[in-house]
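Breakdown of the fold
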Amino acid sequence: MAMSERKEASTTSDIQAVARVAEICGLFGSNELTAADVAELTGLNRTTAYRYCSSMVAAGILERGSRRGTFALGGLMLQVGIRALNRRRVVDIAPAHLRRLRENVRLTAVLSLWAAGRPVVALVEEDASRSIMITVRAGTRLDENAAQTHIYLAHADGDAMAAALQGLDAEAAAKLIADVDLARRQGYALASYDGGMFGAAAPIFDENGICATVAILGAQQLTDLSESSAALRALRATADQLSEELGAPVGVRSA
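So, how was this worked out
- Residues numbered from 1 in each chain as written.
- Predicted model: local features only at pLDDT ≥ 70, side-chain atom pairs only at ≥ 80, totals over all residues.
- Heavy atoms only, no water.
- 1 Å grid on protein atoms, 1.4 Å probe; cavity = no way out; pocket = protein on both sides within 12 Å on 5 of 7 lines; lining within 4 Å.
- Points joined across faces, edges and corners; volume = space filled by probe spheres on them.
- Nonpolar A, V, L, I, M, F, W, Y, C, P; charged D, E, K, R; others polar.
- Buried < 20%, exposed > 50% of the residue type's maximum accessible area, 1.4 Å probe, protein only.
- Helix = DSSP H or I, 4+ residues; strand = E, 2+ residues; numbered from the N terminus.
- Pairing = 2+ DSSP bridges.

Now for the layout of surface pockets. Empty space among the atoms can be located by rolling a probe the size of a water molecule over them. In this structure, the second largest pocket encloses a volume near 260 Å³. Every residue lining the second largest pocket is counted, 16 residues in all, and those nearest its centre are V136, L142, A146, Y193 and L217. Tallied by class, the residues present in the lining of the second largest pocket amount to 8 nonpolar, 6 polar and 2 charged.

What follows concerns the pairing of strand β8 (residues 209-219). With 9 of 11 residues buried, β8 is to be regarded as a mostly interior element. Sheet analysis places strand β4 (residues 108-115) next to β8, joined by 5 bridges and oriented antiparallel. Residue pairing in the sheet places V110 in a bridge with A215 of β8. Relative to β8, strand β7 (residues 197-206) runs antiparallel, the two being bridged by 10 bridges. Residue pairing across strands places I204 opposite A212, the latter belonging to β8. Taking the residues between adjacent antiparallel strands as the criterion, β7 and β8 are bridged by 2 residues.

Below, the structure is given as structure tokens:
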């Protein structure tokens with residue numbers, strides 16, 4: 001084989017490998033898959049599927065899942081996703097709103113966007129006015145217990161809810177369904193986390209529906225979380241202001 005032909009064959013092989021990696025990435029949302037799952041969905045044999053998954057773990061594209069033998073989207077994909085999400089208009093206009101919210105309630109304010117089947121933290125306005133600061137890192141992929149997840153699922157289609165329920169046991173699934181239903185009825189979501197912390201979230205809409213969530217984080221014992229509390233009023237007002245700027249119809253705003 002001539003040198004040019006070998007180079008062309010190598011380039012073709014590289015392109016096919018990139019296409020295969022992209023195909024495998026597209027299989028993952030919030031779900032975790034085994035190499036056998038990947039093989040079945042792509043038509044690869046199991047050994048080749050496992051080699052792809054292992055190589056993608058080494059590159060940060062995938063990571064080991066919570067169950068033995070499973071894989072999930074890795075940190076590199078989340079970083080790339082955040083960069084893409086940061087091009088959205090809501091990320092451009094949200095910082096000033098988050099800053100005012102943080103100043104008004106003395107709590108950390110957070111903007112999250114939906115990516116790969118989960119809310120992903122895009123912006124964080126940290127409150128450092130107290131002796132203990134409660135915060136979250138930008139790029140964090142939130143789980144089914146997060147208030148932001150409940151808000152998104154309350155306004156998403158049935159496919160998103162079905163995907164979120166995959167892999168949950170009966171008790172966890174029932175809790176998620178109840179939390180999402182409550183968020184839908186209230187127009188906001190509250191969630192308790194380990195260590196006495198809480199998250200409260202409200203939806204942000206544009207002309208196409210829900211596009212983001214705004215949330216506050218803090219310590220439960222230091223914050224009034226009753227329905228008419230100043231913290232929740234400020235949270236929902238911020239969500240409404242952002243929705244208005246994004247051109248959402250009045251009828252779909254949270255208030």
